[in-house]
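A closer look at the structure
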Amino acid sequence: MRKLTGAVFLSIDGVMQAPGGPEEDPTSGFTLGGWTRPFFNGDMGPFEGIISGEYDLLLGRRTYDIFSAYWPNNRDNPIGEKFQRINKYVLTHSDQPLDWENSSKLGGDAAAAVGELKHSEGRDLLIQGSSTLYPPLLSAGLIDRLLLMTFPVLLGKGKSIFDINQRPSRMKLTNHYVSGKGVIYTTYEPDGEVETGTFATKEPSQAELQLREKIKEGTW
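A quick note: this is a predicted structure, and the numbers were derived from the prediction, not measured.

Side note on the overall build of the protein
The number of helices and strands found in the protein is six helices and eight strands. Mapped in sequence order, the helices and strands of the protein form the string β-α-β-α-α-β-β-α-β-α-β-β-β-α. Once the C-alpha set of the protein is aligned to its principal axes, its extents read approximately 70 × 40 × 35 Å. Looking at the protein as a whole, 39% of its 220 residues qualify as buried.

Topic: the layout of surface pockets
There is about 1,200 Å³ of room inside the largest pocket. Around the largest pocket sit 39 residues that line it, and Phe-9, Pro-19, Gly-20, Glu-24 and Phe-67 are the ones nearest its centre. Ranked by residue count, the leading element in the lining of the largest pocket is helix α2 (residues 61-70), at six residues. Grouping the amino acids of the lining of the largest pocket by side-chain chemistry returns 17 nonpolar, 13 polar and nine charged.

Notes on a nonpolar patch on the surface
Residues Leu-211, Ile-215 and Trp-220 make up a contiguous nonpolar surface patch of about 360 Å² in total accessible area. Assignment of secondary structure puts Trp-220 in the segment after α6 (206-217).

What to know about the pairing of strand β1 (residues 4-11)
The buried count for β1 comes to eight of eight residues, which makes it a mostly enclosed element. Burial along β1 is two-sided: Leu-4, Gly-6, Val-8 and Leu-10 facing one way and Thr-5, Ala-7, Phe-9 and Ser-11 facing the other are all buried. Inspection of the sheet shows β1 paired to strand β5 (residues 125-127) by three bridges, in the parallel sense. By the bridge assignment, Leu-4 is partnered in β5 with Leu-125. Relative to strand β6 (residues 145-151), β1 is paired through seven bridges, and the arrangement is parallel.

Structural notes on the sheet that holds strand β2 (residues 56-60)
With mixed pairing, eight strands are arranged side by side in an open sheet as β4-β3-β2-β5-β1-β6-β8-β7. The open sheet has two edge strands with one neighbour each: β4 (103-106) and β7 (171-178). The sheet shows a mean angle of 25° between the axes of neighbouring strands, taken without regard to direction. Along the sheet, α2 contacts β2, β3 (88-91) and β4; its crossing angle with β2, the most-contacted strand, is approximately 120°. Against the sheet, helix α4 (residues 110-118) makes contact with β1, β2, β3, β4 and β5, and its axis sits at roughly 160° relative to β3, the strand it touches most.

A word on the environment of Ser-169
With respect to the secondary-structure elements, Ser-169 resides in the loop between β6 and β7. Assessed through its relative accessible area of 30%, Ser-169 is described here as partly exposed. The spatial distance from the C-alpha of Ser-169 to the C-alpha of Leu-138 is 8.5 Å, given a sequence separation of 31 residues. Sequence-distant contacts of Ser-169, that is, excluding residues within four places in its chain, are made with Gly-192 and Val-194.

With respect to the pairing of strand β8 (residues 184-190)
In terms of strand pairing, β6 meets β8 through five bridges, oriented antiparallel. Bridge assignment links Met-149 to a residue of β8, and that residue is Tyr-185. Between the antiparallel neighbours β7 and β8 lie five residues, among them Gly-182 with a positive phi of about 90°.

Looking at α4
By the burial criterion, the buried members of α4 are Ala-110, Ala-113, Val-114, Gly-115, Leu-117 and Lys-118. Residues of α4 that are buried in the fold lie against β1, β2, β3, β4, β5 and α5 (134-139). Between the side-chain oxygen of the N-cap and the backbone nitrogen of Ala-111 there are 3.3 Å, and the N-cap of α4 in question is Asp-109.

A look at the nonpolar core
In this structure, Phe-47, Leu-57, Phe-83, Met-149 and Phe-151 are the most contacted members of the largest nonpolar core, which totals 30 residues. Listed by contribution, the elements that provide at least two residues to this core are β1, α1 (45-51), β2, α2 and β6. Not counting chain neighbours up to four residues away, the residues in contact with Phe-47 comprise Ala-7, Phe-9, Gln-128, Leu-147, Met-149 and Tyr-185. Core analysis: the second largest hydrophobic core is formed by 23 residues, Val-8, Tyr-134, Leu-138 and Ile-143 among them.

Conventions used here
- Residues numbered from 1 in each chain as written.
- Predicted model: local features only at pLDDT ≥ 70, side-chain atom pairs only at ≥ 80, totals over all residues.
- Heavy atoms only, no water.
- Helix = DSSP H or I, 4+ residues; strand = E, 2+ residues; numbered from the N terminus.
- Buried < 20%, exposed > 50% of the residue type's maximum accessible area, 1.4 Å probe, protein only.
- 1 Å grid on protein atoms, 1.4 Å probe; cavity = no way out; pocket = protein on both sides within 12 Å on 5 of 7 lines; lining within 4 Å.
- Points joined across faces, edges and corners; volume = space filled by probe spheres on them.
- Nonpolar A, V, L, I, M, F, W, Y, C, P; charged D, E, K, R; others polar.
- Patch = residues over 30% accessible without salt bridge, like charges linked within 9 Å, V, L, I, M, F, W, Y side chains within 5 Å.
- Areas by Shrake-Rupley, 256 points an atom, 1.4 Å probe, with all protein chains shown as cover.
- Salt bridge = Lys/Arg side-chain N within 4 Å of Asp/Glu carboxyl O.
- Pairing = 2+ DSSP bridges.
- Axes fitted to C-alpha atoms, helices over the stretch in contact; angles between N-to-C directions.
- Contact = heavy atoms within 4.5 Å.
- Polar contact = N/O pair within 3.5 Å; in protein donor to acceptor, adjacent residues only side chain to side chain.
- Core = buried A, V, L, I, M, F, W, Y, C linked by side-chain atoms within 4.5 Å.

Now the structure itself:
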């Protein structure tokens, strides 16, 4: 089975929109595009091994449009050359054609389509950008490895990979690295259901019981 990795550039407050440049994705009035650039000095930690490896891309439609407008004109870049020749699988409900060579549409339910793709023959899969793919794929347990690259900035608003409808789950930290510029690279793998517990060592006080009743009644 193909393995699926999600590699995400994040701000401390969880924004992943337009990390590469001011014009990359200004939707919803986002004005801070290119916020990762000041932190790159050639030290890309574990992301270097991922992006230079062999994979096919799994993309949402907007990221596909951004990539297909940029990378074919930058084939002299090793990443551009690779993106040109590998397969690009695009999750989209749009009927607009996918003109970039080696591009294929995945329609219908995202989890079902990606689950079928993972069972097909081919290279492992890498998500770049594509914020809308994460909630359904994480909820379905289809992402085998999640690399979060957290940059020391607060952006306030913008697209995120996280969603309030996402199914709760536990993740296991498998690797970590901090660059000289303060970018924290953390790699996670799925680790089952969320476990809960309590630090309480005594029976609840009367005040605690009254507070619980207020919470239950919705009067707190």
